[in-house]
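A structural walkthrough
As a plain string of letters, each chain reads:
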Amino acid sequence: MVKIAVVGGSSELAREVLDALVATQRHEIIALVRKDPSGFPFLPGVKWLQTTYEDKSELIRLFEGVHTVLCFITVHSDLGNETQRRIIDAAVEAGVKRYAPSEWSTGVKLESSTDVMPWYIGKVEISHYLENLNKNKKVLEYTRFQPGSFMNYLGHPHRVSKYISTLPVQFDFDRLHALVVEGSLDDYITYTSVEDIANVVARAVDHEGVWPAIGGIRGSRVTIGELLQMGETIRGKPFTVDWLKLEDLESGVLKTNNYPRLNLPSIPEDQVEAFSKMATTGILIATGRGVWTVTDEWNQLLPDYEFTQVEQFIKKLWCCI
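Residues numbered from 1 in each chain as written. Predicted model: local features only at pLDDT ≥ 70, side-chain atom pairs only at ≥ 80, totals over all residues. Heavy atoms only, no water.

Under the convention used in this document: UniProt positions are given in the numbering used here, feature names are shortened, and annotations may be inferred rather than shown by experiment.
Looking up the protein chain in an unreviewed UniProt entry gives the name NmrA-like domain-containing protein, with the organism given as Neonectria magnoliae. Note on the protein chain: under the UniProt heading Sequence similarities (unreviewed entry), the record states "Belongs to the NmrA-type oxidoreductase family. Isoflavone reductase subfamily."

**Structural notes on the packing of helix α6 (residues 224-235) against helix α10 (residues 310-318)**
Put simply, the rule reads: The axes used here are C-alpha line fits, helices contributing only the stretch in contact, and every angle between their N-to-C directions lies in the interval 0 to 180 degrees. Helix and strand assignments come from DSSP, with helices taken as H or I runs of at least 4 residues and strands as E runs of at least 2, each series counted from the N terminus. An angle counts as roughly parallel when it lies under 35 degrees, as roughly antiparallel when it exceeds 145, as roughly perpendicular when it falls between 65 and 115, and as oblique in every other case. Two helices cross in a left-handed way if the nearer one is turned anticlockwise from the farther one by less than a right angle. They cross in a right-handed way if the turn is clockwise. What makes two residues a contact is simply this: any of their non-hydrogen atoms within 4.5 Å. For this classification, the nonpolar set comprises Ala, Val, Leu, Ile, Met, Phe, Trp, Tyr, Cys and Pro, the charged set comprises Asp, Glu, Lys and Arg, and every other residue, Gly included, is treated as polar.
In the contact formed by α6 and α10, the axes pass within 10 Å of each other and the chain directions differ by 30°. Between α6 and α10, the interaxial angle falls into the category roughly parallel. Note that α6 runs across α10; the crossing there is right-handed. Mapping the contact onto sequence places L227, M230, I234 and R235 in α6 and V310, E311, I314, K315 and W318 in α10. Here the contact of α6 with α10 is built from residues that sort into six nonpolar, no polar and three charged.

**So, the UniProt feature "domain: NmrA-like" (unreviewed entry) in the protein chain**
UniProt feature "domain: NmrA-like" (unreviewed entry): in the numbering of this structure it lies at residues 3-245. From the first C-alpha to the last, residues 3-245 spans 50 Å; its make-up is 29% helix and 22% strand.

**Focus: unusual backbone geometry**
Here is the rule we go by: Each residue is assigned to one of three classes by its accessible area relative to the maximum for its type, calculated with a 1.4 Å probe on protein chains only: buried under 20%, partly exposed between the two thresholds, exposed over 50%.
Following H156, the chain continues into P157 via a peptide bond in cis, with omega recorded as 10°. When you line up the elements, P157 lands in the loop between β8 (149-150) and β9 (171-172). Despite not being glycine, N81 has its phi angle at roughly 55°, a positive value. With respect to the helices and strands, the residue N81 is situated in the loop between β4 (68-71) and α3 (82-94). N81 sits in the buried class, given a relative accessible area of 2%. Even without glycine at this site, W104 takes up a positive phi of about 60°.

**A closer look at the pairing of strand β1 (residues 3-7)**
Where a strand is regular, its side chains alternate between the two sheet faces. To keep it simple, the criterion reads: In this scheme, strands are said to pair when DSSP sees at least two bridges between them. Think of it like this: strands point away, you trace from the first strand over the helix to the second, and a clockwise trace means the crossover is right-handed.
Within β1, five of the five residues are buried, leaving the element largely enclosed by the surrounding structure. Burial along β1 is two-sided: K3, A5 and V7 and I4 and V6, pointing in opposite directions, are all buried. As paired strands, β1 and strand β2 (residues 28-33) are joined by five bridges and run parallel to one another. Paired with A5 across the bridge in β2 is I30. Following the chain from β1 across helix α1 (residues 12-24) to the adjacent parallel β2, one finds a crossover that is right-handed. Here β1 runs beside β4; their pairing, made up of four bridges, is parallel.

Right, here's the structure in full:
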């Protein structure tokens, strides 16, 4: 049993992880939130605590006796990474042993594509901050949990997890539609279910060995062509494919209107269209660069854990519809 601090405890993925940690009945947990803690549900072993994350001395006090900090703050809203740097520094001063930065997406090749996915640049910058922190000696053990893409997105609009909101990006199994870059059918994507991510984190907290700095969680690895074929076979109907040229995308031109509209709380309403186009374009380019291919460090450390496979997930939701 250890004491765990979940930073950004109100985020959708944090709530999934909290449930998995509570289910172990092993740990004392503090969940840090910006909102009034009274609005959050009772969870056995969990104490909801309010903070602005702006006072380092307060964070040090909150982290007293904490063994592991799991961070889920929204990186693109953390200008200059000031908040997460403060959280890391407070964790070190409080004597925290383990830290998980707010990654929870993509894989080790993310740094090659921050030019087309600038909203993720903070993840890379924080990874460098942690590397430099341990440059001369290990100050803080950490792992960058990297699960690729959420498999749950392939289930949209079905409710396929308790908290995670879904949206179709490249593949829309409901509308039988796909966005595919010409020549990309052999490109790989790693999809990991939210349930598997949460379960791996719960097991990682109990892991007695040293956490790997790169913490790949490889749920199911599939090519774009294989996924398209699975979809058509399981749905029993052909997909409509918008074939896009890489040179158009690299010029900032998205020649389709069938892209997802990202109505996110952090995006002003008058910027949704522009951001959605930019994000879709960046994701398609980055996919070809292997950003959603993932290493398998946690698979190797947890060899008995059985991950949900893409075909299994799709069949359960879409067969015979």
